[in-house]
Amino acid sequence: MKVAIIGVGTTKFGEHWDKSLRELAIEAGTNAIIDAKVRGSEIDSIYLGNMSAGRFIGQEHVAALVSGELGLSIPAVRVEGACASGGIALRQGILSILSGQDDIVLAGGAEKMTDLMTDGATTALMGAASQEWEAYYGLTFPSLYAMIARRHMFEFGTTREQIAKVAVKNHHNGSLNPIAQFNKEITVEEVLNSTMVADPLTLLDCSPITDGAAALILCKAELAKKYTDNPVYIIGSGQASDTLALHDRRSLTTLDATVKAAQVAYKQAGINVDDIDLAEVHDCFTIAEIVATEDLGFCKKGEGGKLLDEGATELTGRIPVNTSGGLKAVGHPVGATGVKQAIEIVLQLRGEADKRQVKDAKIGLTHNVGGSGATAVVHIFSR
Amino acid sequence: MGYESSVPLFWRLIKPRYQLIGNKCTTCGNTFYPPKFLCPICRKEGKLEEIKLGKTGKILTFSIVRSAPTGFEKETPYPVAIIELDDGPRLTSQIVDWKEEDLQIGRKVEACFRRIYTDGKEGIINYGLKFRPI
Amino acid sequence: MIGIIGYGGYIPRFRIKVEEIASVWSADAKSIKSGLNIEEKSVPSIDEDTATIAVEAALNALKMAGINPKEIGAIYVGSESHPYAVKPTSTIVGEAIGVGPEYTAADTEFACKAGTAGIQMVMGLIQGGYIKFGLAIGADTSQSKPGDALEYTAAAGGAAYILGKNGVIAEIEGTFSFSSDTPDFWRREGIEYPSHGGRFTGIPAYFKHVVSATQGLMSKLSLKESDFDYVVFHMPNGKFPLNAAKILGIDAEKLKPGLVVQRIGNTYSGSSMLGLAATLDIAKPGQRILVTSYGSGAGSDSFSIKVTDLIEEKRNKTKKIQDYIDDKEYVTYAHYTRLRRGI
């Protein structure tokens with residue numbers, strides 16, 4: 001398979017007190033359309049990733065909202081898979097082109113989260129877990145990932161310092177990314193000493209609550225050169241599901257959905273893991289990046305912590321991970337994240353990642369997770 | 001918190017939540033809690049029967065919630081855990097009557113009946129099982 | 001022969017000492033302790049209430065009774081701190097322990113004797129042949145105004161009794177009640193804490209009713225003080241039951257096993273029922289126990305209970321009251337305030 005990305009656009013990620021979901025989505029979409037040098041009227045469909053506008057701002061029907069604001073009367077579909085909504089929107093856009101129905105698709109994601117107070121946002125996000133059997137008992141997302149962390153430390157001897165290094169690395173990368181919510185470098189000590197949120201995870205282990213939107217213009221591969229000299233191609237797409245509740249899973253330290261989605265994507269792309277030059281993985285919490293690097297095959301199970309000690313996932317390492325700064329430093333507007341990950345890979349493969357640029361990046365991967373692992377979607381990109 | 005103020009949402013799960021009623025597939029022999037509506041292993045060949053599970057189990061992993069969702073603010077910090085029941089199934093709940101040394105992977109616990117949360121001052125009181133170290 | 005076929009108690013783990021409360025109000029702990037004859041009281045956790053206490057006690061009673069909960073035909077939960085003003089605690093208990101749906105249930109309220117009133121109601125239903133087994137519970141998370149004398153005693157706990165005719169561990173030989181309109185302690189609808197009449201709660205209230213009911217029972221059953229091996233009176237504090245015993249000419253030693261108030265406080269509807277449970281925990285077959293509850297407003301229910309041989313094998317199936325008394329964790333007044341203002 002092969003589908004081209006001919007344009008990308010985002011807003012800055014952060015606390016946009018003065019901007020609505022409508023405004024953020026239009027800003028990202030417009031930027032992508034301008035970047036792609038297409039006319040709005042050439043777009044055939046819109047796929048919009050959005051987890052919970054109904055809970056966050058009381059607005060449903062947000063795909064039509066966006067297409068209406070763009071002055072387009074084309075099919076507009078909201079895609080929801082919790083924090084993987086953006087990655088799935090991208091996949092749906094790809095499928096609609098591969099089906100032959102569409103030539104050019106806008107695949108985006110948007111989330112406006114700061115209109116709720118923290119407890120309200122925490123409650124809304126718990127909709128991604130099992131409402132009846134996790135949220136009912138007072139669980140939160142930090143505590144679900146903390147339980148994964150605790151188990152990972154128990155089974156593999158992963159240390160608290162190793163987990164903290166994810167935040168340190170991603171904050172460093174984020175400091176080089178103009179759209180990132182956090183541009184400040186942090187130390188391991190600062191991570192360990194920050195406010196405890198859900199033992200053993202502290203505030204600096206958690207991705208923040210963020211407003212933001214991101215958009216991609218997808219195009220039938222054969223038509224891409226008509227619009228741009230340097231298209232980036234999606235050559236593999238895999239998605240898999242697992243149980244909503246963490247306790248129902250086969251393992252507490254492996255996301256089977258990630259493993260499965262990656263297998264499908266690698267096979268489709270005709271590559272193996274060693275061909276990957278860089279990856280954007282779903283680090284909603286620091287431990288999630290460690291688990292993801294293992295599940296994607298960047299290292300053996302249980303050695304994700306070691307990967308950090310070795311510096312293998314740093315910008316200059318063997319397999320740079322989260323060069324954008326990840327969800328951790330760029331911020332995590334849940335519906336937009338999966339699309340933003342793809343944008344980072346596009347910028348890297350185009351050679352436009354500025355100070356974050358990974359040398360000779362040819363093949364990149366994105367990994368987007370919904371909930372505590374009930375959905376995973378993996379995409380592989382090449383120049 | 002559970003979804004705001006929905007009485008039927010709470011009510012229809014009273015039995016499994018209060019009494020640890022799960023189910024067992026007579027085709028494959030697997031036991032499920034929370035109860036399933038379809039055996040995920042046998043699917044249409046499966047046959048589910050109600051089963052009352054024992055109250056004891058052990059902690060597989062845990063955390064302490066310090067930043068709580070709506071409805072749980074007054075209880076922080078409270079430990080949560082994934083518990084593997086001696087009868088097999090795993091579930092998520094809170095740990096109560098705990099001391100620091102009780103929060104350990106492998107710690108034996110038993111179910112006890114507690115308030116989970118209330119829908120404000122005027123709404124219903126949601127009860128259920130939490131677990132205490134034994 | 002109607003009797004107890006299983007009983008069980010429950011006391012929350014937290015305790016607060018008289019000294020800790022007294023220090024907050026700059027009161028003299030020593031004189032309070034000797035005046036009330038109490039050391040400490042139990043405090044419910046933030047997620048415990050009358051329903052959760054009643055369920056735990058009922059599960060213990062059920063384990064001892066060894067019956068199928070579906071055979072229980074009636075549940076009465078007595079309390080003055082039911083979690084809902086309207087909506088029964090008794091159906092929460094029924095659902096949690098697996099009774100029903102073919103049973104009758106109601107919550108009772110008669111200050112501290114709502115639990116023993118439930119025992120009488122169950123006795124009547126069994127005697128009338130309407131039900132095979134019935135469950136009566138007395139449980140409370142007692143309220144008291146901060147700074148009030150009640151704050152030193154108002155505690156949390158409860159006990160559950162399953163009655164029936166088969167598998168009896170203690171026969172209920174008879175019961176006698178004495179009631180009158182005596183407003184010594186009350187709480188109006190919508191008001192957080194109860195009010196009381198101070199020293200009026202003594203002679204015209206507690207003592208008059210406890211003594212009259214006890215004397216009435218003895219005369220009805222033609223029994224005298226010496227026929228009883230153990231005695232339990234409602235325990236608003238550690239002094240009143242001993243004084244009542246003195247009036248009735250009963251040896252204070254007979255009250256000792258049931259005098260749980262010194263370590264756990266006044267558990268209101270749970271008080272005399274927990275005292276009875278603690279006594280049953282140590283009584284020998286053939287021994288006779290006198291129990292008289294007291295509820296403000298006011299009334300007393302008196303019972304004569306004779307222990308059977310079955311008690312030896314059945315009572316070891318559950319946690320003893322002494323186990324609950326010993327399993328404790330002390331809290332500061334600040335922590336106590338947080339727990340009591342809970343969810």
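This next bit is on the interface of chain A and chain B. On the chain B side, the residues contacting the 31 residues of chain A number 41 residues. Between chain A and chain B, roughly 3,100 Å² of surface is buried when both sides are summed, and carbon and sulfur atoms account for 59% of that area. It is A:Trp133, A:Tyr136 and A:Tyr137 in chain A that bury the most area against chain B; as a group they hold 26% of the surface buried on that side. Summed over the shared surface of chain A and chain B, the result is two salt bridges. The closest approach of N and O atoms between B:Lys36 and A:Asp248, which form a salt bridge, is 3.7 Å. Counting the contacts that link chain A with chain B gives 14 residue pairs in polar contact (both at pLDDT 80 or more). Going through the elements one at a time, helix H5 (118-125), helix H6 (141-156) and strand S5 (196-198) of chain A are the ones with two or more residues in the side of chain A that touches chain B. In terms of residue count, H6(A) provides more of the side of chain A that touches chain B than any other element does, six residues in total.

Residue and element names in this part refer to chain A. When the domains of chain A are assigned, the result is domain 1 (3-117 + 209-232) and domain 2 (126-208 + 235-382). If you average the C-alpha positions of domain 1 and of domain 2, the two centres end up 22 Å apart. The partner domain 2 presents 39 residues to the 43 residues of domain 1 that form the contact. Of the roughly 2,900 Å² buried between domain 1 and domain 2, counting both surfaces, carbon and sulfur atoms make up 66%. Among the residues of domain 1 in contact with domain 2, Phe13, Cys83 and Val232 are the three that bury the most area, contributing 24% of the side total. Note that Arg350 and Asp35 form a salt bridge whose closest N and O atoms lie 2.9 Å from each other. Summed over the shared surface of domain 1 and domain 2, the number is 15 residue pairs in polar contact (both at pLDDT 80 or more). Those elements that provide at least two residues to the side of domain 1 that touches domain 2 are strand S1 (3-10), helix H4 (85-98), strand S4 (104-111) and strand S7 (212-220). The dominant element in the side of domain 1 that touches domain 2, judged by the number of residues it contributes, is H4, at seven residues. In terms of residue class, the side of domain 1 that touches domain 2 is made up of 21 nonpolar, 16 polar and six charged.

Our next topic: the sheet that holds strand S12 (residues 288-292) of chain C. Residues and elements named next belong to chain C. Pairing is mixed across the open sheet formed by nine strands, whose spatial order is S5-S4-S6-S7-S1-S8-S13-S12-S11. The sheet is open, and its two edges are formed by strand S5 (104-108) and strand S11 (230-233), each paired on a single side. Between one strand and the next, the sheet's axes are offset by a mean angle of 20°, whatever the strand orientation. Where helix H5 (residues 114-127) meets the sheet, it contacts strand S4 (72-78), S5, strand S6 (133-141), strand S7 (156-164), strand S8 (170-182) and strand S13 (297-307), and its direction lies at approximately 175° from that of S6.

This paragraph deals with the packing of aromatic side chains. Residue and element names in this part refer to chain A. Within this structure, the stated rule accounts for 18 aromatic pairs over all chains. On the numbers, 6.4 Å between centres and 35° between planes, the contact of Phe141 with Tyr145 is tilted. Note that Phe141 and Tyr145 are positioned in helix H6 at a spacing of four residues, about one turn of the helix. What makes Phe141 buried here is its relative accessible area of 9%. By relative accessible area, Tyr145 is classed as buried at 2%.

Next up on the list: the state of the cysteines. As used here, a disulfide is simply a covalent bond connecting the sulfur atoms of two cysteines. All told, the structure shown has zero disulfides over all chains when counted by the stated rule. For B:Cys28, which is in no disulfide, the shortest distance to another cysteine sulfur is to B:Cys42 and amounts to 3.6 Å.

Residue and element names in this part refer to chain A. The terminal C-alpha atoms of H4, which comprises 14 residues, lie 20 Å apart, in line with the 20 Å expected from a rise of 1.5 Å per residue. Regarding H4, the residues found buried are Ser85, Gly86, Gly87, Ile88, Ala89, Leu90, Arg91, Gly93, Ile94, Ser96 and Ile97. The positive-phi residue at the C-terminal boundary of H4 is Gly100, with phi of around 90°.

Contacts between the two partners involve 24 residues from chain B and, on the opposite side, 23 residues from chain C. Remark: the boundary between chain B and chain C carries five salt bridges. Residue C:Asp49 is joined to B:Arg115 by a salt bridge in which the shortest nitrogen-to-oxygen separation is 2.5 Å. Across the contact surface, chain B and chain C share 13 residue pairs in polar contact (both at pLDDT 80 or more). Secondary-structure elements contributing two or more residues to the side of chain B that touches chain C are helix H2 (14-19), strand S7 (108-118) and strand S8 (125-133) of chain B. Residue contributions to the side of chain B that touches chain C peak at six residues, all from S7(B).

What counts, and at which threshold
Residue positions are given per chain, counted from 1 along the sequence in the order it is written. To label them, take the chains in the order written and letter them from A, then take the ligands in the order written and number them from 1. Per-residue local features of the predicted model are confined to residues with pLDDT of at least 70, and side-chain atom pairs are confined, for both listing and counting, to 80 or more; whole-chain, interface and lining totals are unaffected and use all residues. Side-chain descriptors were evaluated using all non-hydrogen atoms of the structure, hydrogens and water having been removed beforehand. Any two residues whose heavy atoms approach within 4.5 Å at even a single point are treated as in contact. Throughout, the accessible surface (probe 1.4 Å) given up by two parts as they are put together, summed over both, is called the buried area. Definition used for salt bridges: Asp or Glu carboxyl oxygen within 4 Å of a side-chain nitrogen of Lys or Arg. Polar contact is the term for a pair of N or O atoms within 3.5 Å; when the atoms are in protein, one must be able to donate a hydrogen and the other to accept it, and sequence-neighboring residues count only if both atoms are side-chain atoms. The numbering of helices and of strands both runs from the N terminus, where a helix is a DSSP run of H or I of at least 4 residues and a strand a run of E of at least 2. The start and end points of each domain follow an automatic or database-based domain assignment. Each residue is assigned to one of three groups, with Ala, Val, Leu, Ile, Met, Phe, Trp, Tyr, Cys and Pro labelled nonpolar, Asp, Glu, Lys and Arg labelled charged, and all others, Gly among them, labelled polar. DSSP bridges decide pairing: two strands pair if at least two such bridges lie between them. Axes here mean lines fitted to C-alpha atoms, for a helix over just the part in contact, with angles spanning 0 to 180 degrees between N-to-C directions. In summary, the pairing rule links any two rings of Phe, Tyr or Trp, Trp by its six-membered ring, whose centres are within 6.5 Å, and it sorts them by plane angle into stacked for under 30 degrees, edge-to-face for over 60 and tilted for everything else. Only protein chains enter the accessibility calculation, which uses a 1.4 Å probe; a residue is then buried when its area is under 20% of its type maximum, exposed when over 50%, and partly exposed in between. Disulfide assignment relies on a single distance test, namely cysteine sulfur atoms paired within 2.5 Å. One fewer than the residue count of a helix, multiplied by 1.5 Å, yields its expected span.

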